[in-house]
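Working through the structure, step by step
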Amino acid sequence: MAKQTRDAEFTEYVASRGGWLRKVAYLLCGDWHRADDLVQETITKLYVHWSKASRADNLDGYARRTLVNTFLAEQRTSWWRRTVRTDVDPESAAAVLDLDASLDLRRALAALPPRQRATVVLRYYCDLSIDQAAEALGCSTGNVKSQSSRALDTLRGSLVPVPTIVERTS
């Protein structure tokens, strides 16, 4: 009976927060298919450690940290280095509603190194404080500040609008 309750709690949590985890995973990796894989691996880890996770003060924080750690661990594997990604994402190419600015931001975010990308996603998408982001990343607050600063400088540089020359006719 306890296993059924445990499984029901887990299923309810994943059903309610799965979409949110997928969005965070997409912001981390920039690929919907890879985001699905990251979420699946994160959900598997959560299930294995559900007794510990369900007792956490902040279950979303626990899940988010598991997701970020899974993403960062994958970045260090040789699988990631051997996988060749194309510049054209089939989903974004087919999506008519994506705005140019949104695509530019996604490209700029994807160009950031993994730790900087994770820091930006946690701080500005997940709206975590510096202390919360440091806890989620398992690093110091100073590291979060420096990673955020470098990432924002890079994003600002890559998102600067290109001035256009307009000819005047008199």
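Before reading on, note that the structure itself is shown above.
1. Details of the overall build of the chain
Within the chain, the regular secondary structure consists of ten helices and zero strands. The linear arrangement of helices and strands in the chain, starting from the amino end, is α-α-α-α-α-α-α-α-α-α. Taken over 170 residues, the chain has a buried fraction of 35%. Of the contacts made within the chain by residues no fewer than 6 positions apart, 65% connect residues no fewer than 24 positions apart.

2. Focus on the layout of surface pockets
Approximately 270 Å³ is the volume found for the second largest pocket. Every residue along the wall of the second largest pocket is listed here: A56, D57, N58, G61, Y62, R64, R65, T66, L128, Q132, E135 and A136. Listing elements by their share of the lining of the second largest pocket, those giving two or more residues are α4 (59-75) and α9 (130-137). Per element, the largest residue contribution to the lining of the second largest pocket is five residues, and it comes from α4. The residue makeup of the lining of the second largest pocket, split by class, is four nonpolar, four polar and four charged.

3. Observations concerning the packing of aromatic side chains
In this structure the tally under the stated criterion is four aromatic pairs. Geometrically, the ring pair formed by F10 and W50 is edge-to-face, given 5.2 Å between the ring centres and 80° between the ring planes. Residue F10 is found in helix α1 (residues 2-29), and its partner W50 is found in helix α3 (residues 50-53); the two are separated by 40 residues along the sequence. Look at W50 and you get buried, because its relative accessible area is 3%. A centroid spacing of 4.0 Å and a plane angle of 10° characterise the contact between Y26 and W32, whose relative ring orientation is stacked. You can call W32 buried: its relative accessible area is 18%.

4. Things to note about the environment of R22
Within the secondary structure, R22 sits in helix α1. Once residues lying within four places of it in the same chain are set aside, the contact partners of R22 are W32, A35, D36 and V39.

5. Description of the pattern of salt bridges
Inspection of the entire model under this criterion finds seven salt bridges. Of the charged contacts in the structure, one is a salt bridge between D60 and R17, with a shortest N-O distance of 3.2 Å. Of this pair, D60 sits in helix α4 while R17 sits in helix α1; the two residues are 43 residues apart in sequence, bridging distant segments of the chain. D153 serves as the salt-bridge partner of R156, at 3.4 Å between the closest nitrogen and oxygen.

6. Some thoughts on empty space enclosed by the protein
Once rolled over the atoms, a probe with the size of a water molecule shows which space is left empty. Tallied over the full model, the rule gives one cavity of 30 Å³ or more. Of the pockets and cavities examined, the largest cavity occupies roughly 50 Å³. Every residue along the wall of the largest cavity is listed here: Y26, L27, L28, C29, G30, R106, L109, A110 and R117. At the level of secondary structure, the elements contributing two or more residues to the lining of the largest cavity comprise α1 and α7 (100-111). Ranked by the residues each element gives to the lining of the largest cavity, the list is headed by α1, at four residues. Here the lining of the largest cavity is composed, by residue class, of six nonpolar, one polar and two charged.

7. Some thoughts on the environment of S158
As for its position among the elements, S158 is in helix α10 (residues 141-158). Given the relative accessible area of 45%, S158 is considered partly exposed. Each C-alpha atom of the pair S158 and R107 lies 9.2 Å from the other, and the pair is 51 residues apart in sequence.

8. Remarks on α4
Along its 17 residues, α4 runs 24 Å from first to last C-alpha, staying within 8% of the 24 Å computed at 1.5 Å per residue. Along α4, twelve of the 17 residues are buried, which leaves the element largely enclosed by surrounding structure. Of the residues making up α4, those classed as buried are L59, G61, A63, R64, T66, L67, V68, T70, F71, L72, E74 and Q75.

The rules we used
Residues numbered from 1 in each chain as written. Predicted model: local features only at pLDDT ≥ 70, side-chain atom pairs only at ≥ 80, totals over all residues. Heavy atoms only, no water. Helix = DSSP H or I, 4+ residues; strand = E, 2+ residues; numbered from the N terminus. Buried < 20%, exposed > 50% of the residue type's maximum accessible area, 1.4 Å probe, protein only. Contact = heavy atoms within 4.5 Å. 1 Å grid on protein atoms, 1.4 Å probe; cavity = no way out; pocket = protein on both sides within 12 Å on 5 of 7 lines; lining within 4 Å. Points joined across faces, edges and corners; volume = space filled by probe spheres on them. Nonpolar A, V, L, I, M, F, W, Y, C, P; charged D, E, K, R; others polar. Phe/Tyr/Trp six-rings, centres within 6.5 Å; stacked < 30°, edge-to-face > 60°. Salt bridge = Lys/Arg side-chain N within 4 Å of Asp/Glu carboxyl O. Expected span 1.5 Å × (residues − 1).

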